[in-house]
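Reading the structure
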Amino acid sequence: MPLVHRVLPPQPIESLEEYVKARGGRGIDAAGHEDVAALIAVVEASGLRGRGGAGFPTGRKWRTVRENASDVLATTVVVNGAEGEPGTFKDRTIMRLDPYAVVEGALIAARAVGARSIVFGLKRSFVPEISRMRAAIAEMQREGWAEGIDLSVFEGPDEYLYGEETALLETLDGRYPFPRIAPPFRRGVTELVEHANDVGTGSGLSAHVEMAVPGGETGAPPALVDNVETMANVPRIVSRGADWFRTEGTAESPGTIVCTVTGSTRRAGVGEVLMGTPLREVIDLIGGGPRRGHRVKAVMPGVSSAVIPEHLLDTPVSYEALAAIGSGLGAGSLIVFDDSDDLAAIAAGVSRFLAIESCGQCTPCKRDGLALADLLGRVSRSEAPAHKLIQIRDLVNTVSDGARCYLGLQHEAVVGSILTGFGDEFQAHVDGSAPSVEPALITELVDLEGDEAVFNERHRSKQPDWTYNAEDSGKWPAERLDEHRAPQRLED
Ligand SMILES: Cc1cc2nc3c(=O)[nH]c(=O)nc-3n(C[C@H](O)[C@H](O)[C@H](O)COP(=O)(O)O)c2cc1C
Ligand code: SF4
């Protein structure tokens, strides 16, 4: 199966005129003729699932948000363009190539859920994407596409958690990117915090906003949060219909997926494939296959789900098939390892990334996460005795205890899967037969330059307290950043 071009055009779309010539705008036209219930029904029937990582059914989310509209405050549509999953560059590629489809999808979503404003949540470091999105929005506003809807681009912080949807909502309201307790679709407006203070349950920190229930009782408006790629799929579904969308992909994962392949392949890249394409084929199509003289040993879907060993590479890329082998599709990030990669060093790198990025609202996630990263680092450097492997296993079992968001579970899943599937590589370090290696740099991509992935090297000096100081303060972010409003930059 070749690469396809449904949400990822082969060349950048440079103007609204060009977008319209390429069938752009038919979705919003069709949406204008549908009543809202029918519009949501089309998206539900299409089987579109959120491309931000969890694969949640998009139409069902839209229906829930619509049903939970507040009588007092209007709903907001938030487009999640935070893209911080290590090994992922697909949302930035979509925004660079075709920002118009993302905006059109969001305008359709706004109609469906009754929103009067749309916020595109990007990171302030995403300079080309911010400028592409702003230019597309301005053009579409000038041409009358967004009558009555307020559109803005929010420039958020670089923290990984900023992409977690409740943390994103917190950040939009001027607080730090600390995940809330569910439900995810309430926007954490100041009213909620004041309510928290009124009823004596909190100090105003997101950590204490625990009463954000659906329905109108707090007067807080709901927010619909959908990923960039999810939104980019919407216009064609609405213009061509659910049945058309279901002609591609699998029954449970219809359509296409935009994957990013990095790691030990001939090249790094982003490409769109039909759902159901075997993993091995995706690696060949986008990454050019294994490097000459090497064989693929394993694939890691970002830092979210279990590492997939080579013998399972014929598994189709779909939510259901990857879940069935105990892993997950996540955001389509495929980090490939070959026979020259040391998986003990990879585990140490993943652990370091997740432990640093943990906000510390849940003690096991930060405390056990940091202890795990430290021990795995010592194993990778061949400095740890064999009995430390037992301690590592114990920490893997506790790191997600009471976790408020998915990050703690990610730590357990990824490191646990490497320990189980590649235990001999850890053993080789503790018995001295493997050379000392530094933990791998596992972090966000900052760009794709030609066939090369550019990693966020600065993460090497990020401290667990989220500063870049020479010394860590020893305070976890949730403890250190105990002010009501976030500054422009968290390290300031
Ligand atoms: C730690 C963490 C980081 C996340 N980062 C992102 C991100 O960068 N972009 C994104 O779209 N979703 C991210 N998500 C998933 C969002 O919480 C949420 O599921 C998504 O925005 C929903 O949109 P969708 O239904 O269209 O997938 C992250 C989740 C977690 C737990
Ligand atoms: S699980 Fe970890 S990252 Fe998520 S809220 Fe708790 S401490 Fe923060």
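See the structure above.
A word on the overall build of the protein chain. Counting its regular elements, the protein chain contains 19 helices and eleven strands. Taking 23 Å as the expected radius of gyration for a compact globule of 492 residues, we find that the protein chain reaches 22 Å, a close match to that expectation. When the backbone C-alpha atoms are referred to their principal axes, the protein chain occupies close to 70 × 60 × 35 Å. Buried residues in the protein chain amount to 58% of all 492 residues. Pairs at least 24 residues apart make up 71% of the contacts formed inside the protein chain by residues separated by at least 6 positions. Total accessible area computed for the protein chain in this model is approximately 18,600 Å², and 49% of it derives from carbon and sulfur atoms. Each charge class in the protein chain was averaged separately, 49 positive and 71 negative side chains, and the resulting centres sit 2 Å apart.

Next up on the list: the sheet that holds strand β9 (residues 333-338). Taken together, five strands build an open sheet; the order of strands is β6-β5-β9-β7-β8 and the sheet is mixed. Of all the strands in the sheet, just β6 (269-274) and β8 (308-309) have a single pairing partner and so form its edges. With four bridges connecting them, strand β5 (residues 256-263) and β9 associate as parallel partners. In the sheet register, T260 faces β9, and the bridge partner there is S333.

In the region of ligand 2, 13 residues are neighbours, and C359, Q361, C362, C365 and C405 sit closest. Judged by the proximity of its atoms to the pocket grid, ligand 2 belongs to the largest cavity. In terms of residue class, the shell around ligand 2 is made up of eight nonpolar, four polar and one charged.

Surrounding ligand 1, one finds 19 residues, the nearest of these being G52, K61, N80, N227 and T230. Note that an oxygen atom of ligand 1 is positioned 2.9 Å from one of the backbone N or O atoms of E165. Contact with the protein chains removes 90% of the 620 Å² of surface that ligand 1 exposes when unbound. Here ligand 1 occupies the largest pocket.

Moving on, we get to helix α18 (residues 423-430). Within an α-helix, residues lying three or four positions from one another point in the same direction, as the helix has 3.6 residues per turn. Residues of α18 that are buried include every one of E425, F426, A428, H429 and V430, and no others. On its buried face, α18 is in contact with β7 (296-300), α14 (343-357), α15 (363-380), α16 (388-398) and α17 (407-421). Where α18 terminates, the next one or two residues include G432, which has phi positive at roughly 85°.

The strand order across the open sheet built from four strands is β3-β2-β1-β4, with neighbouring strands paired in parallel fashion. If you trace the sheet from one side to the other, it starts and ends with β3 (150-156) and β4 (223-227), each paired once. Within this sheet the neighbouring strands show an average axis-to-axis angle of 20°, counted without direction. Note that strand β1 (residues 75-80) and β4 share five bridges and pair parallel. Within β4, the residue paired with N80 across the bridge is N227.

Right, let's get into the layout of surface pockets. Reported here for the largest pocket is a volume of approximately 1,300 Å³. Surrounding the largest pocket, 50 residues form its lining, G52, G53, A54, G163 and E165 being those nearest its centre. Counting residues per element, the ones that place at least two in the lining of the largest pocket are α4 (58-67), α5 (90-97), α8 (165-172), β4, α13 (319-324) and α17. Looking at the lining of the largest pocket, the element that brings in the most residues is α4, giving four residues. Residue composition of the lining of the largest pocket, by class: 18 nonpolar, 19 polar and 13 charged.

All right, on to the nonpolar core then. Ranked by internal contacts, the top residues of the largest apolar core, which has 53 residues, are W62, V77, V79, V102, I118 and F120. Ranked by residues supplied to this core, first place goes to helix α6 (residues 99-113) with eleven residues. Beyond its immediate chain neighbours, meaning those up to four positions away, V77 contacts A106, A109, A110, V113, A115, S117, I118, V119, L224 and M231. Grouped together as the second largest cluster of nonpolar side chains are 43 residues, Y176, M300, I418 and L419 included.

With that settled, the discussion passes to the environment of H294. As for its placement among the helices and strands, H294 is situated in the loop between α12 (279-287) and β7. Here the alpha-carbon distance between H294 and E170, two residues 124 residues apart in the chain, equals 45 Å. Ignoring any residue separated from it by four or fewer positions in sequence, one finds H294 in contact with D338, D339 and S340. One polar contact links H294 to D339, side chain to side chain, over a distance of 2.7 Å.

Moving on, we come to the packing of aromatic side chains. On inspection of all chains with the given rule, the structure shows six aromatic pairs. The interplanar angle of 40° and the centroid separation of 6.3 Å between the aromatic rings of Y19 and W145 together place this pair among those described as tilted. Taken as a pair, Y19 in helix α1 (residues 16-21) and W145 in the loop between α7 (127-142) and β3 lie far apart in primary sequence, 126 residues in all. Seen from their ring centres, F178 and W466 are 5.8 Å apart, and the 45° between their planes marks the pair as tilted. Here W466 lies in the loop between β11 (452-455) and α19 (477-480) and F178 lies in the loop between α8 and α9 (190-198), a separation of 288 residues in the sequence. As far as the burial class goes, F178 and W466 line up, both buried. Taken together through their ring pairs, the aromatic side chains of Y19, Y100 and W145 make up a single cluster. Here the basic side chain of R458 rests over the ring of Y468, its NZ or CZ set 3.6 Å away from the ring centre.

Scoring rules and cut-offs
- Residues numbered from 1 in each chain as written.
- Chains lettered and ligands numbered in written order.
- Predicted model: local features only at pLDDT ≥ 70, side-chain atom pairs only at ≥ 80, totals over all residues.
- Heavy atoms only, no water.
- Helix = DSSP H or I, 4+ residues; strand = E, 2+ residues; numbered from the N terminus.
- Rg over C-alpha atoms; globule rule 2.2 N^0.38 Å.
- Buried < 20%, exposed > 50% of the residue type's maximum accessible area, 1.4 Å probe, protein only.
- Contact = heavy atoms within 4.5 Å.
- Areas by Shrake-Rupley, 256 points an atom, 1.4 Å probe, with all protein chains shown as cover.
- Lys, Arg positive; Asp, Glu negative; His and termini not counted.
- Charge placed at Lys NZ, Arg CZ, Asp CG, Glu CD.
- Pairing = 2+ DSSP bridges.
- Near = heavy atom within 4 Å.
- 1 Å grid on protein atoms, 1.4 Å probe; cavity = no way out; pocket = protein on both sides within 12 Å on 5 of 7 lines; lining within 4 Å.
- Sits in = over half its atoms within 2 Å of the grid points.
- Nonpolar A, V, L, I, M, F, W, Y, C, P; charged D, E, K, R; others polar.
- Polar contact = N/O pair within 3.5 Å; in protein donor to acceptor, adjacent residues only side chain to side chain.
- Axes fitted to C-alpha atoms, helices over the stretch in contact; angles between N-to-C directions.
- Points joined across faces, edges and corners; volume = space filled by probe spheres on them.
- Core = buried A, V, L, I, M, F, W, Y, C linked by side-chain atoms within 4.5 Å.
- Phe/Tyr/Trp six-rings, centres within 6.5 Å; stacked < 30°, edge-to-face > 60°.
- Lys NZ or Arg CZ within 6 Å of the ring centre and 35° of its normal.

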